[in-house]
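Structure at a glance
In case you want the letters, here they are:
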Amino acid sequence: MPNDSDIKSIMCMSSRSEGSTVPLSRLRWRNAPLHERCSMSDMAKIKEAFQQAYLNKILPGVFRSLLRTLLNVEYDDEEFNILFMKINTSRTGEIDWDELVSNLLLGYFANDPENQRATLQLPIMGLPTLMRSQHRQPVSRICFCPDVAKERTFDRSTDPLQGNYMTVSRDGTINWWSLEMSLLRTAYSSSPHLKVRTTWVTDMVCLPDVNIVVTSSTERDLRFYDCTAKTFTLKIVITSWEYMICTMHYHFYKDPNEQSILICGDAAGSVRALTFSPVERGPFRNKPGRALLQLRHVDLQKRPRLLPELKLTEMPRVHSDWVRQVSFYASLHCVVSCSTCADALLMCDLAASKTHNLFRVDKGIQCFVFDEEAHVLATGGPDCTVRVWNPFVPSKASVTLHGHHAGITALVLQSNGQIVYSLARDRTIKVWDVQGQVCVQTYIDVPSQIGERTPISAVYNPATREFILAAIKLAVLVLDEQLNPQHTDGFTHSRAVARVLYNPLFKVVITCGMDSIIINWDPVTGKRNLLVRDAHTRLLHGELIPVEITSACFDPGHQLLLTGARNGTLKVWNFNTGVCLRNLAIEHMCEVTNCFWVEGRILAVGWNRHVTEFEDTGTSSSGKAWETRHSDDVLAAAARTPLSLATASYNSELIFWKLETGQPYRRFSCTEPMLRIKLQYSKRAASPPAAASGTARRSTSSMMRPSVSVGGGRESLRAAAAVQKARARRVSTVTLPPRAQHMRQLAVHAMLFLTARPCHMRVASLVVSLENGQVQCWSDHPAGGIQGAFQGIHTVGDYVSAFASDVDNDYLFTGTTAGYIKVWLMKNYLRNEKVHVNMPLLRLTFPFLWRDRIEGRAKRCVRDQPLPLLLNSYRAHLRCVTTLAYLDDLRLVLSGSSDYSVRVWRLSGEYLHTLGSFVPWSLDVTRFPPDVRKVASFTTFKVWRGGWVSRFVPGQVAPDLLRDITPLELRTRTFGAPAAEPLLGRHLALPQRPEPQAPPKLDDSLPTIPLYTHLRMASTQPVRRPPTPELVRATRIRREQHRTAPRTHFEESEE
């Protein structure tokens, strides 16, 4: 309901009704949402009122007084009518208790944060990008090495968009990859002691601030390689560790004065930390005479002089099994390690004195991830369970998420820990909503070529949102791809938009998409009122697959919605509640191209080549088929209640039907509009069943052209003469070759009835779009025909794909496949009467009509086409405009496109917003569409700017702006714009008043109150006299000298 939450204003005090217990001093809420004003006590009173009513139902007037008395809410007449119609889903004029509760539940559901977070598309879309790993052995580790800003001394920040990916295989091969996953270079890590047989490399970590790569192997050693200037030189080797090091993690601070930490976990459950100062690369600086430093693990403790820059801290046997993962919690200065044992995860500082939190899980933890800002810790392990913890509460997990069928090997956090991605051993990725504690998506499209029985290593880049999996091959997935505001304003649907409808009764906009989603929008606030997923589905291999919505319309009372799908099904919806009321079908897997709801009947046309009629009040799912007259698929149709129905097919057939009887009365060919085609009627026993084959219909629906026979009667001669006359009227009289005569006819893609025009033989009331870009205007009168045509495009290969008009049919809006929207003046076009056109008013409304220095393509294409007048033309989308709608009361144009968006435009062509956009909603501020502005023409920019264009001409002499200034103004500098207020500046502003002193608090704990202790005394220091200004001092000296100077006799006589 418009103005529901934004107009929560308090009205003046109203009079107290009879029997009301509301005090006179109480103020009423005006147009407040009903679900926000109902409490439990109010619900009990309302239920009692329903129970006391006749048949437990309440009329509108009684319900309005009930809201005023019990809830203290006052509604305007229009707002209350909309509210009552939303509640009264049975459309009986009376509401019961169940309908009221259902409406309140919908209101609560709309305000639910989980519903507001619901997105149209799944977080992981499409198939992963698969590529070769360029390794002979499976990849042991993949990591990201960012570039560090080393030129700044006190800020070593990193950029996730600058750096390289690194992969290492078991045989020691190391590959460097760019951000686009192109191979840069290759190196090899091998033990300097083994000459014949190499050992497996278990892990690798990069030290980007000192340009070092560290590898660990089954030889129980650590190898430090110098990678400066694309080299790969072995620098330090630490051997003879007690157990094999199986996982590592490196952390460094932006401040180089802080110690960098290399954390290692071994196969015995011990955790060790190597700390060093990164100043001048610390222990890895180049020293003359030392190419390679080899030392043992015990030498780091017993002989620290061998490598004094490197300090070892050990935490032995903190786990009873292998350490699976280690990390560093920087905000708490803690080391985090996990293992697949009962003492699953340990969080402690290096000294193990301040923090020591032990998280226990029976089967242990295989992997973990945390968010330091939100303090959220997520873990996964062999028990196939994802747990979300508070790092400060290790006793119990905050959230437990079940659903995997294999052990979890990798985790990713997004949105400050609100979204968790978990990867299992069976290559299944699940997306979890932590706040709702539900599984949002289960992704099973990771191919088995990546490694069916090989452990998968993964890395996540938060900047690009790429999740890279590495084993036998590499796979790249994008997790919840974020939209760039420089490229788009967002999307309305996750697939192409099929229909945009405006409901004048409830004042809402309904959009239907190819993603089988129906959305109810408030056009004033841009709020999504209701979302219906999987509106049409079909059963495939035991799974419900969503089916694309291809058509939609309202009932004559604008209270219900009818949708048609690609599989031949139709559904009737209550679009305020999202409830499906009825299921219909024309033919299995036969697309419904158009559907109409006239008084008492539902009509549907599609690929079955005829019109199917249903009763709007019945319960049957099958309908009655009209006579089959088309020989090809029906692509477009339009209805004019209660007179006629027009249908057009792929092979250019145009047939007019009597809407009352269902009989065709005129037939034309849009490719040859002047050709007279006679309709031949034949008796038929019964209507063909809905499930009949298309070949049977095709045999009875061939186009009956008038035949020319030699021995025919008078009718045959007249028909032949008519055909000859029609051919003589053509512009071209060149005889086509036989091959060209069998070319395909022009298809009709859109049509619209101008319902405000009368049914007259000389009045064009139907507009038809052909695929050659032409728009034909026809009269639906039995004696009518084609009245005229005009070109609706200005680019080659384009054609009109969508029509819309206002209530009075003064304007015709056309959308093309190239993304253009054009507005045509139909007030004076083919009306069979003279109509005055106010051109000054049109120029004020449409800046496109203003004179241009150089005319654009849109104006050049209509130079020889005076009527209809082109009022506007601009680029609205980069892809095809599939549907248009015009809001008469708001003077807004809504355009739906195959680029998944529905955009809102002013009548003048200025862009306002996109439904479902992440940009704040506003109907007052105009903007530029980010995607179209890169390719828009100057004509489009002129329309977007409201007519403003730059008048700069290269080489033109700048005008003299001082030619009108008088010498007096130039001397006194009083020309130009007036000075800004205030003229005297702000120097005369009064100083601020001092803050008032608080009253003293008397100390009454003693027998007598020492008042002198509470008095505010002045300082006892002597007040220093300020120095005398130099000007005052010089004046005093001069006066004193003049007074003491000797006087002459004449000076004394003057006195």
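The rules behind the values
Residues numbered from 1 in each chain as written. Predicted model: local features only at pLDDT ≥ 70, side-chain atom pairs only at ≥ 80, totals over all residues. Heavy atoms only, no water. Helix = DSSP H or I, 4+ residues; strand = E, 2+ residues; numbered from the N terminus. Buried < 20%, exposed > 50% of the residue type's maximum accessible area, 1.4 Å probe, protein only. Contact = heavy atoms within 4.5 Å. Areas by Shrake-Rupley, 256 points an atom, 1.4 Å probe, with all protein chains shown as cover. UniProt positions renumbered as here; feature names shortened; annotations may be inferred. Patch = residues over 30% accessible without salt bridge, like charges linked within 9 Å, V, L, I, M, F, W, Y side chains within 5 Å. Salt bridge = Lys/Arg side-chain N within 4 Å of Asp/Glu carboxyl O. Lys, Arg positive; Asp, Glu negative; His and termini not counted. Charge placed at Lys NZ, Arg CZ, Asp CG, Glu CD. Core = buried A, V, L, I, M, F, W, Y, C linked by side-chain atoms within 4.5 Å. Pairing = 2+ DSSP bridges. Axes fitted to C-alpha atoms, helices over the stretch in contact; angles between N-to-C directions. Phe/Tyr/Trp six-rings, centres within 6.5 Å; stacked < 30°, edge-to-face > 60°. Lys NZ or Arg CZ within 6 Å of the ring centre and 35° of its normal. Parallel < 35°, antiparallel > 145°, perpendicular 65-115°, else oblique. Expected span 1.5 Å × (residues − 1). Left-handed = near helix turned anticlockwise from the far one by under 90°. Nonpolar A, V, L, I, M, F, W, Y, C, P; charged D, E, K, R; others polar.

Per an unreviewed UniProt entry, the recorded name for the protein is WD repeat-containing protein on Y chromosome, and the organism is Bicyclus anynana.

**Observations regarding the overall build of the protein**
The number of helices and strands found in the protein is 16 helices and 64 strands. The buried share among the 1055 residues of the protein stands at 48%. In the protein, of all internal contacts separated by at least 6 residues, the share reaching a separation of at least 24 is 51%. Approximately 55600 Å² of the protein is accessible, and the part contributed by carbon and sulfur atoms is 53%.

**Topic: unusual backbone geometry**
Of note, the amide linkage connecting threonine 641 to proline 642 takes the cis form, showing an omega dihedral of 0°. Topologically, proline 642 is positioned in the loop between β49 (634-640) and β50 (644-649). Look at the link from leucine 867 to proline 868: it is a cis peptide, with omega at -5°. In this fold, proline 868 is placed in the loop between α12 (857-860) and β60 (869-875). Phi angles above zero are rare outside glycine, and asparagine 809 is one such case at about 60°. One can find asparagine 809 in the loop between β57 (800-805) and β58 (811-816).

**A word on the UniProt feature "repeat: WD" (unreviewed entry) in the protein**
Those places that UniProt annotates as "repeat: WD" (unreviewed entry) correspond, in this numbering, to residues 365-390, 401-442, 549-583 and 874-908. Span residues 365-390 is 0% helix and 58% strand, its end C-alpha atoms 16 Å apart. With 0% helix and 63% strand, residues 549-583 has end C-alpha atoms that lie 14 Å from one another.

**Looking at a positive patch on the surface**
A contiguous patch of positive charge, built from Arg296, Lys302, Arg303 and Arg305, is present on the exposed surface. Counting through the fold element by element, arginine 303 comes out in the loop between α7 (299-302) and β19 (311-315).

**Here's the deal with the nonpolar core**
One recurring pattern in soluble globular proteins: nonpolar side chains tend to sit buried together. Ranked by size, the top nonpolar core spans 44 residues in total, and within it Tyr811 and Phe813 carry the most contacts. Of all elements in the fold, only β53 (748-753), β55 (774-778), β57, β58, β59 (820-825), β60, β61 (881-887) and α13 (938-944) reach the threshold of two or more residues within this core.

**A look at the sheet that holds strand β21 (residues 334-339)**
Taken together, four strands build an open sheet; the order of strands is β20-β21-β22-β23 and the sheet is antiparallel. Each having just a single partner strand, β20 (323-329) and β23 (356-359) make up the two edges of the open sheet. For this sheet the average axis-to-axis angle between neighbouring strands, irrespective of direction, equals 15°. Bridge count between strand β22 (residues 345-349) and β23: four bridges; the pairing is antiparallel. Residue pairing in the sheet places leucine 346 in a bridge with leucine 358 of β23.

**Some points on the packing of aromatic side chains**
Applying the stated criterion across every chain yields a total of 30 aromatic pairs. Measuring from centroid to centroid gives 5.2 Å for phenylalanine 144 and tyrosine 165, while their planes differ by 55°, and the two rings are tilted. Highlighted residues: phenylalanine 144 in strand β7 (residues 139-148) and tyrosine 165 in strand β8 (residues 158-169), separated in sequence by 21 residues. Seen in terms of ring centroids, tyrosine 874 and tryptophan 905 are 5.1 Å apart; in terms of plane orientation they differ by 45°. Their pairing is tilted. Taken as a pair, tyrosine 874 in strand β60 and tryptophan 905 in strand β63 (residues 902-906) lie far apart in primary sequence, 31 residues in all. The rings of Phe224, Tyr250, Phe252, Phe276 and Phe284 are connected pair by pair, giving a single aromatic cluster. For the cation-ring pair, arginine 185 lies above tryptophan 176, with the distance from its terminal atom to the ring centre recorded as 3.8 Å.

**Some thoughts on the packing of helix α3 (residues 60-71) against helix α4 (residues 77-87)**
At a closest axis distance of 11 Å, the pairing of α3 and α4 adopts a crossing angle of 110°. Considering their axes alone, α3 and α4 lie roughly perpendicular with respect to each other. Residues Pro60, Phe63, Arg64 and Leu67 of α3 lie in contact with α4, whose contacting residues are Asp77, Phe80, Leu83, Phe84 and Ile87.

**Quick notes on helix α15 (residues 1030-1044)**
Relative to the 21 Å expected for 15 residues at 1.5 Å per residue, α15 spans 21 Å between its end C-alpha atoms, a close match to the ideal helical length. Burial analysis of α15 places just zero of its 15 residues in the buried class, which makes it a mostly uncovered element.

**Points about the pattern of salt bridges**
Taken as a whole and judged by the stated rule, the model has 26 salt bridges. One salt bridge connects aspartate 383 with arginine 387, and the closest N-O pair in it is separated by 2.7 Å. Aspartate 383 gets classed as buried once you look at its relative accessible area, which sits at 19%. Arginine 387 sits in the buried class, given a relative accessible area of 19%. Here arginine 863 and glutamate 855 are joined by a salt bridge, their closest N and O atoms 3.1 Å apart. Classification of arginine 863 as exposed rests on a relative accessible area of 54%. Taking the relative accessible area as the measure of exposure, glutamate 855 reaches 32% and is therefore partly exposed.

**Here's the deal with the packing of helix α2 (residues 40-52) against α3**
At a minimum axis separation of 11 Å, α2 and α3 run at an interaxial angle of 145°. Regarding α2 and α3, the two cross each other, and that crossing is right-handed. Counting all contacts with α2, which are made through Asp42, Lys45, Ile46 and Ala49, the residues of α3 involved are Leu66, Leu70 and Leu71. Residues that form the contact of α2 with α3 fall into these classes: five nonpolar, no polar and two charged.

**Describing the sheet that holds β58**
Judged by pairing direction, the sheet is antiparallel, and its four strands sit side by side in the order β57-β58-β59-β60 without closing on themselves. Two strands in the sheet have a free side with no partner beyond their single neighbour: β57 and β60. On average, adjacent strands in this sheet sit at an angle of 20° to one another, irrespective of strand direction. Pairing analysis gives six bridges linking β59 to β60, with the strands arranged antiparallel. Pairing of valine 823 across the sheet is with asparagine 872, part of β60.

**Here we look at the pairing of strand β39 (residues 537-540)**
As paired elements, β39 and strand β40 (residues 543-546) share four bridges and run antiparallel to each other. The residue of β40 that forms the bridge with threonine 537 is proline 546. Adjacent in sequence and paired antiparallel, β39 and β40 are bridged by two residues, among which histidine 541 carries a positive phi angle near 55°.

**Things to note about the environment of valine 592**
Tracing the sequence through the fold places valine 592 in strand β45 (residues 592-598). Of the residues examined, valine 592 reaches a relative accessible area of 0% and is grouped as buried. As a C-alpha pair, valine 592 and glycine 606 span 14 residues in sequence and 4.3 Å in three-dimensional space. Once residues within four sequence positions are removed from consideration, valine 592 is found in contact with Thr550, Ser551, Gly564, Ala565, Gly568, Thr569, Leu570, Ile586, Ala604, Val605 and Gly606.

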